[in-house]
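Next come the chains, spelled out residue by residue.
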Amino acid sequence: MALTNYYHKSIVTSLPKTIDMNRLIIVSNRLPFTVIKKQGGFELQPSSGGLASGLGSIYTHFNSLWIGWPGIASDKIALHERNRIRGMLAEKKCYPVFLSQREVERYYNGFCNKTLWPLFHYFMQHATYNDQLFESYLRASEVFRDAIQRVAEPNDVIWIHDYHLLMLPRLLREKARDAMIGFFLHIPFPSFEVFRLLPWREEVLRGVLGSDFIGFHTYDYVLHFLESVHRLLGYEHSVGRISTDDRLVQADVFPMGINFDRFSQAVESPPVKREIARIRRKTQERKIILSIDRLDYSKGIPERLEAFDLFLDKYPEFKEKVTLVLLAVPSRTRIDHYSQLKRQIEELIGKINGKHGTMGWIPIWYLYRSLPFSSLVALYKMADVALITPMRDGMNLIAKEFLAVKTDGMGVLILSEMTGAAQEMGEAIIINPNNKAAIAEAIKEALIMPAEKQIDRNRLMRKRLQRYDAGNWANDFIARLLATKTLQRKLTMKQLTPAIWHMLRRRYANSSKRLLLLDYDGTMVPFAQKPDEAYPPSDLLELLEKLASDPNNTVVLVSGRDRATMETWFEDIGVDLVAEHGLLVKEKDKEWVISEPIRTDWKESIRPILELYSDRTPGSFVEDKEFSLVWHYRKASQELAAAVSNELKDVLHQLTSRLNLDIQEGKKVIEVKNIGVNKGRAVLRWITKTSWDFIMAIGDDATDEDVFSVVPDTAFSIKVGIGRSKAKYQMESPIEVRALLSDIASARPEEPLAASEKEEIPKSVSPGLPSSGERSALEPPDNSASINPQRQD
């Protein structure tokens, strides 16, 4: 975090100007400028903090607008003064979000910093859980959303930042469905075991998932987020791509950089040189250990001081030869924990100075304030050691700024392993911030490290920081956001639009021989944790019965479920049934028929294998169907299940290669069944029966692709959910499917079709069947065997 009240004005030369978008809108809790009310008017002062300094040098080089709170409460200014503030900020490419003092107190000082901040930094003992504070947090997000809506234009990229606005992406998505929304979290995302403590955990996750693209500083944070999304919301993910109910969302790693050139070049500026000379006169030949942080319990300042005390106890030869400069920038002074921390730190400093100090030497120089940019750079340059030991920190830009200033390569960085920066800076001395003895040893190692070793280490880290600076960080994120949006649009190009929906309804209404091929799980009802919990609700049964009762309709439920379940749930509503992915078929008022000759003796050798892997994977189980075996792992840990399922598939492929068996993977299931059995072969029984003038097939997973591949081109084939498919169209969820079925069930042939629609409707719908003597591989065999449902053949 850059702790300076200096606004970045340097040009980020590494930032390309060719990003294909209308405008960049940055949204954060605070603007890069703070409005100060003075006698006779207002004044703009640069804001301090990592976000303002990190993005301050970037946004001016885009066609951009920054939206945020201007730092002054709305109830302290008149209405006409707001307009004046808007005008002042507009000159800085900023737009204010006005919040009352009460809103700031409950939203920012309340939920943000009494709930989210401590929890996300693993200080659960400081976290407060209060419904009223969460409601204030939500209302503040709505105020931000309304501000964005007032100024946003089509094709703007909206980049939302940090934990203050976790709910904003979803609120904005609900009002602007096609908006391009990115979100970046600048603090750690905690492990699932910690995040689950938050009472509003699901609301927060859904809020963030309103984004198209989500960025984090480290892979650990990404993995924690993905695990929480999977375990709390049930969404699948692969390589950071999350399949939500309505679209694909991408999460990835973007370690934030700094304006490297600005810091490295500032060393030669006259103000910095004057400040360096002033510091040298005071410190003389003593070594300087520099510690800079906001005053925050997550920074580990008391532990750092205790480690320095231990260092002086253990190595008294360094007394009067080193000075620890401790710069603590005031932060959140209205919160009790922070005022208590300030007293604790000042008491420790007094104790250490009194214990070790002499008439001519004070071990710790304590500064409780922000510093101007020139003073900050001078301290970086003069410091022999940077002691940066937070208990938790999302990134920590101070470590990067320290290295950027070290143009001669001299200086040693001691860095906590609990910072995001530690994953980029392996050449630093990495320590556990809870291990005071290790910190004391690290201080000694840093003070006596040979110059050659310092230069070698810093050269590698500086090169890395210069290559991936703040400009490249921002450009990389925005480019990936645009790429994700492009991918989303490709996946939704086949969306069943209102116009297509209307055409489908009219074609249905004006047809007299209709075939409806409908999958069940994931298509008409959502998936359940246990298969038997996904039973059909009464309104769905009534809808299917209504469709089946139409003499012009043949309704076929094509499912992977066993026949006993299919009979129990659907036998009395007049539909035809396909069970076990096409192995068993039952036409209305007829007996079950095996669609393919099969054997089941193989189950005795395969079942123990599946049970072994089930035992190894908590939350998974084996389902023994009549003619197949299924391993379910929907409730298992995604990371464990992903590894185990791949191993299981390899084992099964080896075991079944000579058994004429097929390994079929569905959504969180692996099924072993007889080869050649699939839904596509089964539904040909109906497709080839007559000439249909309307066919509609709806399904959601890989097993339904076999159906989409055999229906004729004139059919309406619809995939539920995102992803590649042979289907012509796409719908988002079972809710939409049931709405479509309900709509066509009430359709009547009252409106004539348009001429263009008439031309497209064939007189009959039938696939191009092979000529006599050339039976299709997908055509069902003639020797289908009748089965008595009561017998187990």
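Criteria and cut-off values
Residues numbered from 1 in each chain as written. Predicted model: local features only at pLDDT ≥ 70, side-chain atom pairs only at ≥ 80, totals over all residues. Heavy atoms only, no water. Helix = DSSP H or I, 4+ residues; strand = E, 2+ residues; numbered from the N terminus. Buried < 20%, exposed > 50% of the residue type's maximum accessible area, 1.4 Å probe, protein only. Areas by Shrake-Rupley, 256 points an atom, 1.4 Å probe, with all protein chains shown as cover. Lys, Arg positive; Asp, Glu negative; His and termini not counted. Charge placed at Lys NZ, Arg CZ, Asp CG, Glu CD. Patch = residues over 30% accessible without salt bridge, like charges linked within 9 Å, V, L, I, M, F, W, Y side chains within 5 Å. Salt bridge = Lys/Arg side-chain N within 4 Å of Asp/Glu carboxyl O. Core = buried A, V, L, I, M, F, W, Y, C linked by side-chain atoms within 4.5 Å. Contact = heavy atoms within 4.5 Å. Phe/Tyr/Trp six-rings, centres within 6.5 Å; stacked < 30°, edge-to-face > 60°. Lys NZ or Arg CZ within 6 Å of the ring centre and 35° of its normal. Pairing = 2+ DSSP bridges. 1 Å grid on protein atoms, 1.4 Å probe; cavity = no way out; pocket = protein on both sides within 12 Å on 5 of 7 lines; lining within 4 Å. Points joined across faces, edges and corners; volume = space filled by probe spheres on them. Nonpolar A, V, L, I, M, F, W, Y, C, P; charged D, E, K, R; others polar. Expected span 1.5 Å × (residues − 1). Polar contact = N/O pair within 3.5 Å; in protein donor to acceptor, adjacent residues only side chain to side chain. Axes fitted to C-alpha atoms, helices over the stretch in contact; angles between N-to-C directions.

## A few points about the overall build of the chain
On a plain count of helices and strands, the chain comes out with 26 helices and 30 strands. Relative to its 793 residues, the chain shows a buried fraction of 58%. Accessible surface, the chain: about 33,000 Å² in total, of which carbon and sulfur atoms supply 49%. Mean positive and mean negative side-chain charge positions of the chain (106 and 104 charges, respectively) differ by 8 Å.

## Focus: a negative patch on the surface
On the surface, Glu542, Glu545, Glu571 and Asp572 cluster together to form a negatively charged patch. Note that Glu542 resides in helix 19 (residues 538-549).

## A short note on the nonpolar core
Grouped together as the largest cluster of nonpolar side chains are 102 residues, with contacts concentrated most on Val27, Ile67, Leu166, Phe225, Leu305, Phe308 and Phe311. No other element matches the nine residues that helix 4 (residues 131-151) contributes to this core. Non-local contacts of Phe225, meaning those with residues more than four positions away in its chain, are made with Phe189, Leu205, Val208, Leu209, Ile214, Phe216, Ile242 and Ala251. One finds Leu31, Leu51, Ala378 and Leu482 within the second-largest nonpolar core, a separate group that totals 74 residues.

## Looking at the packing of aromatic side chains
According to the stated counting rule, one finds 36 aromatic pairs in the structure shown. Measuring from centroid to centroid gives 5.0 Å for Phe134 and Trp200, while their planes differ by 10°, and the two rings are stacked. Of this pair, Phe134 sits in helix 4 while Trp200 is found in the loop between helix 6 (192-195) and helix 7 (201-208), placing the two residues 66 residues apart along the sequence. Through a chain of ring-to-ring contacts, three or more aromatic side chains come together here, namely Tyr107, Phe111, Phe134, Tyr137, Phe144 and Trp200. Across from the ring centre of Phe98, 5.3 Å away, lies the NZ or CZ of Arg82, which sits over that ring. Here the basic side chain of Arg262 rests over the ring of Phe373, its NZ or CZ set 3.6 Å away from the ring centre.

## Examining the side chain of Asn353
In this fold, Asn353 is placed in helix 12 (residues 336-356). For Asn353, a relative accessible area of 19% gives the class buried. Sequence-distant contacts of Asn353, that is, excluding residues within four places in its chain, are made with Ile362, Pro363 and Ile364.

## A look at the pairing of strand 1 (residues 23-30)
Most of strand 1 is tucked away: seven of the eight residues are buried. Pairing between strand 1 and strand 6 (residues 156-161): five bridges, direction parallel. In the strand pairing of strand 6, Ile26 is matched with Trp159. With five bridges joining them, strand 1 and strand 4 (residues 64-69) adopt parallel strand pairing. Bridge pairing in strand 4 links Val27 to Ile67.

## As for the side chain of Glu227
When you line up the elements, Glu227 lands in helix 8 (residues 219-233). A relative accessible area of 19% means that Glu227 is categorised as buried. The residues touching Glu227, leaving out its near neighbours within four places in the chain, are Phe192 and Glu639.

## Some details on empty space enclosed by the protein
Inspection of every chain in the model, using the stated rule, returns eight cavities of 30 Å³ or more. Contributing to the lining of the largest cavity are 32 residues, with Asp521, Phe527, His632, Lys667 and Val669 lying nearest its centre. Of all elements in the fold, only strand 23 (621-624), strand 24 (629-632), strand 25 (661-666) and strand 26 (669-674) reach the threshold of two or more residues within the lining of the largest cavity. Per-element tally for the lining of the largest cavity: the top contributor is strand 25, with three residues. Split by residue class, the lining of the largest cavity holds eight nonpolar, eight polar and 16 charged.

## Focus: helix 17 (residues 470-491)
Here helix 17 is 22 residues long and its end C-alpha atoms lie 32 Å apart, about the 32 Å a rise of 1.5 Å per residue gives. Here helix 17 starts with a cap whose side-chain oxygen sits 3.2 Å from the backbone nitrogen of Gly471, and that cap is Asp469.

## Observations concerning the sheet that holds strand 15 (residues 385-388)
Read across the sheet, six strands follow the order 14-13-12-15-16-17 without closing on themselves; strand pairing throughout is parallel. The open sheet has two free edges, formed respectively by strand 14 (364-367) and strand 17 (429-431), since each of these has just one partner strand. Here the strands of the sheet are splayed against their neighbours by 20° on average, with no regard to which way each runs. Docked against the sheet, helix 13 (residues 373-382) engages strand 12 (287-294) and strand 13 (322-329), running at close to 135° with respect to strand 12. Running over the sheet, helix 15 (residues 436-448) touches strand 12, strand 13, strand 15, strand 16 (412-416) and strand 17 and is turned about 170° from strand 17.

## Some words on the environment of Ala307
By the element assignment, Ala307 lies in helix 11 (residues 301-314). Ala307 gets classed as buried once you look at its relative accessible area, which sits at 0%. C-alpha of Ala307 to C-alpha of Pro255: the two residues are 52 residues apart in sequence and 29 Å apart in space. Discounting residues that sit within four places of it in the chain, Ala307 has contacts with Lys436, Ile439 and Ala440.

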